[in-house]
Amino acid sequence: MDWNARVELFEQLRQEHEFGVGTIAGVAAKFGVHRRMVREAIAGAMPPAHGYPARAKPKLDALASFIDVVLDEDRRAPRKQRHTARRIYRRILTEFPDAAVAESTVRNHIRARKHAMGLTLRETFVPQSYGLGQEAQVDWYEAWADLGGERTKLQVFAMRSMGSGAAFHRAYLHATQQAFLEAHERAFHYFGGVFRLLRYDNLSSAVRKILRGHRREETVRFIAFRSHWRFAAEFCTPGEGHEKGGVEGEGGYFRRNHFVPVPCVADLDALNTLLLSGCRADEARVLDGRTEPVGVAMVAERDRLLPRAPEGFDLADVTFPLVDKQGCVTVKTNAYSVPIKAGTRVESRVHPLHVEIWHAGRRIARHERCHSRRQQVLDLEHYLDVLSQKPGAFAGSKPLAQWREAGRWPACYDELWDRLLARHGKQNGTRAMVAVVVLGREFGHDKLRAAISKAVSLGACDVAAVRYLLTEAALHKGQPPSIDVGELARYDRPMPTMADYDLLLSGPCAGTA
């Protein structure tokens, strides 16, 4: 019986008791209800809340321990990379294919647990409407990933189209201005054009000073970047992140669906490849209140975007350092090795993820950018010419130590080195090992690693042997032409008879010894 019917029944019971039969038993008999309900009607016009007895939940009980473990592990996970009820339900469908539990049952269990943990929060936003290609919102958010087996905190750039709902995400180690601008260009390439208006928080990469009202003093580099790509910029009121609620919600959605569980990849490039595939996968989403997927709206939006500039904006931070006596240049407090003599003036170009060193119009070195301070980033290849003249400095060199830490000096290199030392002595053996490593410049270090491994397995310990293995595939080895033996038949002759020579044995000897 629904609520309205119960209220009407209570009214009839009350009237019959007051103006009719007058007894509880009589009213109960007339209406066919229990005397307890008549007493409840007399006590109050509104029926009491109906309580349902607790029932067994055999389907949920088999999964409750898994759900509880996930929620308990979320306590130690990054705050914004914890499971939602939908994410847990999707994991149940994948990891427990035989489970036949409803999503609502899972949601109710999770809601009760989260309420007990004090994690149930609600926030209200005012819906907005946007035209295709008119506005996109930009923001950074934090996420964690395991890069090379190490848990690393990342800054993830997000740009969301408010018209189509499509979004672009890219991760960086630090939210520098160069990373900020580079991510814009990659986002423009992803969307196929430039939005007329971009909305931001008051990011230090774009805003130097917040003035009265909506006025901002923007950084010179951001102004030049904005002018190059021909878009307008607006900034939210400080502390009012809901003014760009679209990208705020997008960051949370993407993190919950593509950073949970925490990704485990080799490096940042592999992670960004994974994130890009996640962006492509999200194009199949159908947002609430819409009838077509995000990808379809994204294609229609491209025709309304501003065309991209023919050339990208020069993002590099350029300086002109001097090579010191250790073969390094200092860039933003860190020393990077270069394969050029000390005292040379070079050009350094600092990019979001790497540092390039140029000389005479040619790039002579490229390093992964170091965001720490007072560090040395050294490449052993830059010191090989010096080490060939000073072999005694090879074994204890810091560039060699950094190659070992980076996994670029496998065990087969040490085994070959030991054989060369045993054969040629300390000085000449080390000099020979340097000559082997120099081959990586010509043939590439991946091929060199394979050649050294093969040489060691064959028992070779010579520079020439490693070079031969590197060039073996390119050597021209002549092959004799095939001959049809049928053409040789014309040279066939009968076997000779030796019977005439037997006469020499039977006749008298013509001479004497």
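Shown above is the structure to which this text applies.
Note that this is a predicted model, so its numbers are computed, not measured.

Rules used in this analysis
Residues numbered from 1 in each chain as written. Predicted model: local features only at pLDDT ≥ 70, side-chain atom pairs only at ≥ 80, totals over all residues. Heavy atoms only, no water. Helix = DSSP H or I, 4+ residues; strand = E, 2+ residues; numbered from the N terminus. Rg over C-alpha atoms; globule rule 2.2 N^0.38 Å. Contact = heavy atoms within 4.5 Å. Pairing = 2+ DSSP bridges. 1 Å grid on protein atoms, 1.4 Å probe; cavity = no way out; pocket = protein on both sides within 12 Å on 5 of 7 lines; lining within 4 Å. Points joined across faces, edges and corners; volume = space filled by probe spheres on them. Nonpolar A, V, L, I, M, F, W, Y, C, P; charged D, E, K, R; others polar. Salt bridge = Lys/Arg side-chain N within 4 Å of Asp/Glu carboxyl O. Buried < 20%, exposed > 50% of the residue type's maximum accessible area, 1.4 Å probe, protein only. Polar contact = N/O pair within 3.5 Å; in protein donor to acceptor, adjacent residues only side chain to side chain. Phe/Tyr/Trp six-rings, centres within 6.5 Å; stacked < 30°, edge-to-face > 60°. Axes fitted to C-alpha atoms, helices over the stretch in contact; angles between N-to-C directions. Parallel < 35°, antiparallel > 145°, perpendicular 65-115°, else oblique. Left-handed = near helix turned anticlockwise from the far one by under 90°. Core = buried A, V, L, I, M, F, W, Y, C linked by side-chain atoms within 4.5 Å. Expected span 1.5 Å × (residues − 1). Arc of directions from axis to C-beta.

> I'd like to hear about the overall build of the protein, residue by residue, with values.
Counting its regular elements, the protein contains 18 helices and 15 strands. Relative to the compact-globule value of 24 Å for 513 residues, the protein shows a C-alpha radius of gyration of 40 Å, a clear excess of over 25%. Along the first, second and third principal axes, the C-alpha set of the protein runs to 170 × 85 × 50 Å. Counting contacts in the protein only where the partners sit at least 6 residues apart, residues at least 24 apart contribute 59% of the total.

> Quick rundown of the sheet that holds strand β15 (residues 376-377)? Include the residues and the values.
Judged by pairing direction, the sheet is mixed, and its three strands sit side by side in the order β10-β11-β15 without closing on themselves. The open sheet terminates on both sides in strands that have one partner only, identified here as β10 (328-331) and β15. Inspection of the sheet shows β10 paired to strand β11 (residues 334-337) by four bridges, in the antiparallel sense. Looking at β11, one finds that Thr330 is bridged to Ala335.

> Give a detailed account of empty space enclosed by the protein, specifying residues and quantitative values.
Enumeration over the complete set of coordinates arrives at one cavity of 30 Å³ or more. As a volume, the largest cavity reaches approximately 70 Å³. Contributing to the lining of the largest cavity are Gly165, Ala166, Ala167, His169, Tyr190, Glu250, Phe254, Cys279, Asp282, Glu283, Arg285 and Val294. Of all the elements in the fold, those that place two or more residues in the lining of the largest cavity are β3 (167-172), α9 (245-258) and α10 (268-282). Class assignment of the residues belonging to the lining of the largest cavity gives a composition of six nonpolar, two polar and four charged.

> Let's hear about the pattern of salt bridges: which residues, and what values?
For side chains of opposite charge, pairing can occur when their charged atoms come near one another. One pass over the full model with this rule turns up 28 salt bridges. Notably, a salt bridge pairs Asp462 with Arg423, separated by 3.8 Å at the nearest N-O pair. Residue Asp462 is located in the loop between α16 (445-458) and α17 (463-471), and its partner Arg423 is located in helix α14 (residues 411-424); the two are separated by 39 residues in the primary sequence. Exposure remark for Asp462: the relative accessible area of 27% places this residue in the partly exposed category. Notably, a salt bridge pairs Arg467 with Glu442, separated by 3.4 Å at the nearest N-O pair. Taken as a pair, Arg467 in helix α17 and Glu442 in helix α15 (residues 426-443) lie far apart in primary sequence, 25 residues in all.

> Could you give an account of the side chain of Glu356, with specific residues and numbers?
Position of Glu356 relative to the elements: it lies in strand β13 (residues 354-359). A distance of 3.0 Å separates the side chain of Glu356 from the side chain of Trp358, its partner in a polar contact. Within the structure, Glu356 has its side chain in polar contact with the side chain of Arg363 (distance 3.4 Å).

> Explain the packing of aromatic side chains to me, using residue names and the numbers behind them.
On inspection of all chains with the given rule, the structure shows 24 aromatic pairs. Taken together, a centroid distance of 6.2 Å and an interplanar angle of 35 degrees make the contact between Phe180 and Phe222 tilted. Residue Phe180 is found in helix α7 (residues 177-191), and its partner Phe222 is found in helix α8 (residues 220-229); the two are separated by 42 residues along the sequence. A relative accessible area of 0% means that Phe180 is categorised as buried. Phe222 sits in the buried class, given a relative accessible area of 0%.

> Explain the sheet that holds strand β9 (residues 317-319) to me, and be specific about the residues and the numbers.
Pairing in this open sheet of four strands is antiparallel, and the strands run β9-β12-β13-β14 from one edge to the other. Edge positions in the sheet fall to β9 and β14 (362-368), since each has one partner strand and no second. Ignoring strand direction, the axes of neighbouring strands in this sheet form an average angle of 20 degrees. In this structure, β9 lies alongside strand β12 (residues 347-350), joined through three bridges in antiparallel fashion. The residue of β12 that forms the bridge with Thr319 is Ser348.

> Give me the layout of surface pockets: which residues, what numbers.
Quantified by volume, the second largest pocket comes out at close to 1,300 Å³. Lining of the second largest pocket is provided by 33 residues; of these, Leu173, Leu353, His367, Glu368 and Arg369 occupy positions nearest its centre. Listing elements by their share of the lining of the second largest pocket, those giving two or more residues are β2 (150-161), α7, α10, β14, β15 and α13 (398-405).

> Outline the packing of α14 against α15, listing residues and values.
One way to put it is that α14 packs onto α15 with a least axis distance of 7 Å and a crossing angle of 140 degrees. Compared by their axis directions, α14 and α15 come out oblique. As for the relative orientation of α14 and α15, their crossing is right-handed in sense. Where α14 abuts α15, its residues Tyr413, Leu416, Trp417, Leu420, Leu421 and His424 lie against Lys426, Asn428, Gly429, Thr430, Ala432, Met433 and Val436. Tallied by class, residues from the contact of α14 with α15 come to eight nonpolar, four polar and one charged.

> So what's going on with the nonpolar core? Which residues, and what values?
Counting 53 residues, the largest nonpolar core has Met159, Phe180, Phe191, Tyr200 and Leu271 as its most contacted members. Considering every element that reaches this core, the biggest residue donor is α7, with eight residues. Once you skip the residues sitting within four places of it in the chain, Met159 turns out to touch Ala136, Gln137, Val138, Ala166, Ala167, Phe168, His184, Ala187, Phe188, Phe191, Phe195 and Leu198. Counting residues in hydrophobic clusters, the runner-up holds 32 residues, among them Leu400, Trp409, Ala451 and Leu470.

> Please give an account of the environment of Glu248 that cites residues and values.
Locating Glu248 in the fold gives a position in helix α9. In sequence terms Glu248 and Val138 are 110 residues apart; their C-alpha atoms lie 8.9 Å from each other.

> Lay out the packing of α7 against α8 with the relevant residues and their values.
Where α7 contacts α8, the two axes come as close as 11 Å, and the packing angle between them is 10 degrees. Between α7 and α8, the crossing angle belongs to the class labelled roughly parallel. Contact residues: α7 offers Gln177, Phe180, Leu181, His184, Glu185 and Phe188, while α8 offers Arg221, Phe222, Phe225 and Trp229. Taken together, the residues of the contact of α7 with α8 sort by class into six nonpolar, two polar and two charged.

> Which residues make up α10, and what values go with them?
Between its first and last C-alpha atoms α10 spans 21 Å; for 15 residues at 1.5 Å apiece the expected length is 21 Å, and the two agree. Every buried residue of α10 is listed here: Leu268, Leu271, Asn272, Leu275, Gly278, Cys279 and Asp282. The arc that holds every buried residue of α10, seen down its axis, measures 110 degrees, which confines them to one face. If you check the start of α10, you find a side-chain oxygen 3.4 Å away from the backbone N of Asp269, and it comes from Asp267.

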